[in-house]
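The lines below spell out each chain.
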Amino acid sequence: MRALPAEAFTALCSWYLTTQEYAMNAFYEHHKNSIQFGYRCFDRLLLNGLIQPFQQPERVLGFFNAYREGKRVTKKLLTGIADQFQYWLKNRSEKWDAPILEPPDGAGDDSRRDKLLDPYFENAKPDQVVAIVKAREPARILVAIGDKDNNSPHLEFKQRWVNQFNFYLNDKHWGRMFVRMCPYFPFSARVCLNQHHWLAIRMQEEGIDFQQCTNAFLKCGNPARLQELADSLTPQDLLKCGQKWLAAFTPFLSDRERKHLGCQHRLFFSQVEYCDNLIFHRRAAVDELTERLLDLNRTIGQPKKITMIFGRKVTKEYKGKLQTVIEDLDLPNPVIRSHYGHGFAKQYVRDDRILRTEPATNNVYDYGVKKDVENLPQLRDRMSEIVDNYHNVQQDVLETFVDRGQLRKLAEPTVLPSGKRIPGLKLDHPRQLAVMHSLVRFANIAAGGAFTTADLYTPALDALGQTEAQYSLASFRYDLSKLRHKGLVEKVPHSRRYRLAGKGYSICLVFLKLFEKIYAPLTAGLLAPFRGDRILADEKRCQLDRLYQRTCDSLDAILREVGLKIAA
């Protein structure tokens, strides 16, 4: 495949990154000179397969009465069905020349299934099953309750540990994938796909030059087309592949029963990973950036270790995990991982030059999306929003300047068309800072910024350290209105909810940082210094305290120079 000339490649990258979704991403805009190209796509897609008519015992009985000569659903019958599957599997394994393997032992990289299967995928033909891995895993199966001689036992669904079979294959449209089948009735299944493999096949078909490194693309001759292909994935692409192989691996059912009785697997999202990949020109650039992110994310948004929440509204009934952690600090590429509900978002460097931001979930309901694969477009949009929110919040942390002219405008009163004057925003106003504390919580940001005044009121009381009697809800709404009239908060149309508007999050964060991290500490150091600090060795102080002291010393020198008395 021919590579584009360097000039054409650069022009395509520039056009793409300034016209696609990254154009609205502050994080990309700030670092675009260091970025070669970027793209977003689904990474791992784990789909559950269920035959819905078989999910109720009474419908199972009806199926056997109507289409299997009225056979009684007994222990013997259910065991026989599982045995028939294994006989069929052994025959097919020999016919496909696909060995049945035991799962690898141990937890190291060398023992992972992918490593085990790599040799079997070499020179694999399209739609070839290359190997089958047997593993003992939990499954929901139909159980007949009663003695073995009971011809009319009670049927129940139970969770049991059983041998399941993972069919590893090279699909002609999806490339490397696997399908896990449970041999026990009602044949629950799982399909694992990866859009990177799907994209590689699409680009090969179109003659696009690219370099793939495991689950990422380090080079691409046409980044614009790569993103178009990534966004073109439809639910039908998932259904066509999944149902083809599930039908092939469920010998109990005939084609007629699948087509006319609806006895075919429906597919639902089980685990989804969506990745944003920014490929930098140089390793040094991404290393410098990630070092800053790792350091600053320890205190992102608040002066203490924060809890990063993304998804929807968090209520008192919420039971999930809410926190941000930095993992694998002993490895070359540590991971920033933020937990919410049944999922998380993580950010890390892979393949030397790729900064990957990857939201993932085991329950798409956390993102307000239903589980049926028909909802793929909504899920893609939602997860892309989370990536943008994650980037924008981090960029607010990385920015270190303040527009002084805009700050003065924010401090000036707002005059409404009616002539009413609304006070401006003050850096030292406790109630206003408490409102801002409640606004910059990650619960609001990752939920798309939607919240009610009731959502914010309790966190504001906590930040202010007052009771409802001391700071009423009406007073809180009045303080919130100041931010609304400055265009930092807006009301969601046709609802009682609000959201941060424009640079509302950034401005709130600037106010909190200036007061809590700059003005308040420096004022304390100037007006009421701790006497013991004067005899403390400089090397025993933390870096931040040393910087504060240098600033105080410089201010003292200025005061002496202009003839003002220095505080004792």
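All values derive from a computational prediction rather than experimental measurement.

With that settled, the discussion passes to the overall build of the chain. When helices and strands are counted, the chain shows 18 helices and 17 strands. Split into buried and exposed, the 568 residues of the chain put 46% on the buried side. Taking the intrachain contacts of the chain between residues at least 6 apart in sequence as the baseline, contacts between residues at least 24 apart amount to 66%. Summing over all exposed atoms, the chain offers an accessible surface of approximately 29400 Å²; the carbon and sulfur share of this is 50%.

With that settled, consider helix α15 (residues 453-464). Between its first and last C-alpha, α15 extends 16 Å over 12 residues, near the 16 Å set by a 1.5 Å rise per residue. Every buried residue of α15 is accounted for by Thr453, Asp455, Leu456, Tyr457, Pro459, Ala460, Leu461 and Leu464. The positive-phi residue at the C-terminal boundary of α15 is glycine 465, with phi of around 75 degrees.

Among the nonpolar cores identified, the biggest contains 76 residues, and Phe167, Phe185, Leu238 and Phe269 are the most heavily contacted of them. Dropping the residues within four chain positions of it, leucine 238 is found in contact with Leu45, Leu47, Trp174, Leu193, Leu233, Leu267, Phe269, Val373 and Leu376. Ranked by size, the runner-up nonpolar core spans 28 residues in total, among them Leu410, Met436, Ala460 and Cys508.

Take the pattern of salt bridges next. Across all of its chains, the model carries 26 salt bridges by this definition. The partner of arginine 225 in a salt bridge is glutamate 206, and the shortest N-O contact between them spans 2.7 Å. With arginine 225 in helix α7 (residues 223-231) and glutamate 206 in helix α6 (residues 195-206), the pair connects residues that are 19 residues apart, well separated along the chain. The partly exposed category is assigned to arginine 225, whose relative accessible area is 26%. Aspartate 479 is the partner of lysine 482 in a salt bridge, and the nearest nitrogen-oxygen pair spans 3.6 Å. Here aspartate 479 and lysine 482 lie together in helix α16 (residues 473-485), a separation of 3 residues that amounts to about one turn. Judged on exposure class, the residue lysine 482 and its partner aspartate 479 are both buried. Each of Arg40, Asp276 and Asp388 takes part in salt bridges that share partners, so that together they form one network.

Taking 1.5 Å per residue, 22 residues should reach 32 Å; helix α4 (residues 75-96) reaches 31 Å between its end C-alpha atoms and fits that length. Those residues of α4 that are buried are in contact with α3 (57-67), β2 (100-101), β3 (128-145), β4 (154-171), β5 (175-181) and α8 (235-248).

To continue, consider the pairing of β4. Pairing of β3 with β4 involves 17 bridges; the strand directions are antiparallel. For valine 133, the partnering residue across the bridge sits in β4 and is asparagine 166. Of the strand pairs in this sheet, β4 and β5 are connected by 7 bridges, and their pairing is antiparallel. By the bridge assignment, aspartate 171 is partnered in β5 with glycine 175.

In terms of burial, strand β6 (residues 189-194) is a largely internal element, 5 of the 6 residues being buried. Of the pairings in the sheet, the one linking strand β1 (residues 35-50) to β6 comprises 6 bridges and is antiparallel in character. From the neighbouring strand, leucine 46 faces β6, where its bridge partner is cysteine 192. For β5 and β6, the ladder comprises 4 bridges, and the chain directions are antiparallel. Along β6, the bridge assignment pairs methionine 181 with alanine 189.

Quick look at the packing of helix α13 (residues 430-439) against α16 now. Between α13 and α16, the least distance of the axes is 10 Å, while the angle of their chain directions is 80 degrees. Here α16 runs roughly perpendicular to α13, going by the angle between their axes. Contacts between α13 and α16 involve Arg431, Val435, Met436, Ser438 and Leu439 on the former and, on the latter, Ser475, Phe476, Tyr478, Asp479, Leu480 and Leu483. Taken together, the residues of the contact of α13 with α16 break down into 7 nonpolar, 2 polar and 2 charged.

A volume near 1500 Å³ is recorded for the largest pocket. Along the wall of the largest pocket there are 31 residues; nearest its centre are Arg44, Arg112, Asp114, Asn194 and Asn215. Among the elements of the structure, β1, α5 (113-121), β4, β5, β6, α6, β12 (343-350) and β13 (354-361) are those that each provide at least two residues to the lining of the largest pocket. When grouped by side-chain class, the residues that make up the lining of the largest pocket number 8 nonpolar, 8 polar and 15 charged.

For the structure on display, the rule yields 26 aromatic pairs. Ring geometry for phenylalanine 85 versus phenylalanine 165: centroids 6.1 Å apart, planes at 35 degrees, classification tilted. Pair noted here: phenylalanine 85 is in helix α4 and phenylalanine 165 is in strand β4, with a separation of 80 residues, a long-range link. The two residues phenylalanine 85 and phenylalanine 165 agree in class, both being buried.

Residues Arg477, Arg484, Lys491 and Arg496 make up a contiguous surface patch of positive charge. In this structure, arginine 477 sits in helix α16. Take arginine 477: its relative accessible area is 44%, and that puts it in the partly exposed class.

The next point concerns the packing of α6 against α7. Where α6 contacts α7, the two axes come as close as 10 Å, and the packing angle between them is 125 degrees. Classified by the interaxial angle, the pair formed by α6 and α7 is oblique. Once α6 is placed against α7, the crossing between them reads as right-handed. Residue-level contacts link Gln195, Trp198, Leu199, Arg202, Met203 and Glu206 of α6 to Arg225, Leu226, Leu229 and Ala230 of α7.

Quick notes on the rules
Residues numbered from 1 in each chain as written. Predicted model: local features only at pLDDT ≥ 70, side-chain atom pairs only at ≥ 80, totals over all residues. Heavy atoms only, no water. Helix = DSSP H or I, 4+ residues; strand = E, 2+ residues; numbered from the N terminus. Buried < 20%, exposed > 50% of the residue type's maximum accessible area, 1.4 Å probe, protein only. Contact = heavy atoms within 4.5 Å. Areas by Shrake-Rupley, 256 points an atom, 1.4 Å probe, with all protein chains shown as cover. Expected span 1.5 Å × (residues − 1). Core = buried A, V, L, I, M, F, W, Y, C linked by side-chain atoms within 4.5 Å. Salt bridge = Lys/Arg side-chain N within 4 Å of Asp/Glu carboxyl O. Pairing = 2+ DSSP bridges. Axes fitted to C-alpha atoms, helices over the stretch in contact; angles between N-to-C directions. Parallel < 35°, antiparallel > 145°, perpendicular 65-115°, else oblique. Nonpolar A, V, L, I, M, F, W, Y, C, P; charged D, E, K, R; others polar. 1 Å grid on protein atoms, 1.4 Å probe; cavity = no way out; pocket = protein on both sides within 12 Å on 5 of 7 lines; lining within 4 Å. Points joined across faces, edges and corners; volume = space filled by probe spheres on them. Phe/Tyr/Trp six-rings, centres within 6.5 Å; stacked < 30°, edge-to-face > 60°. Patch = residues over 30% accessible without salt bridge, like charges linked within 9 Å, V, L, I, M, F, W, Y side chains within 5 Å. Lys, Arg positive; Asp, Glu negative; His and termini not counted. Charge placed at Lys NZ, Arg CZ, Asp CG, Glu CD. Left-handed = near helix turned anticlockwise from the far one by under 90°.

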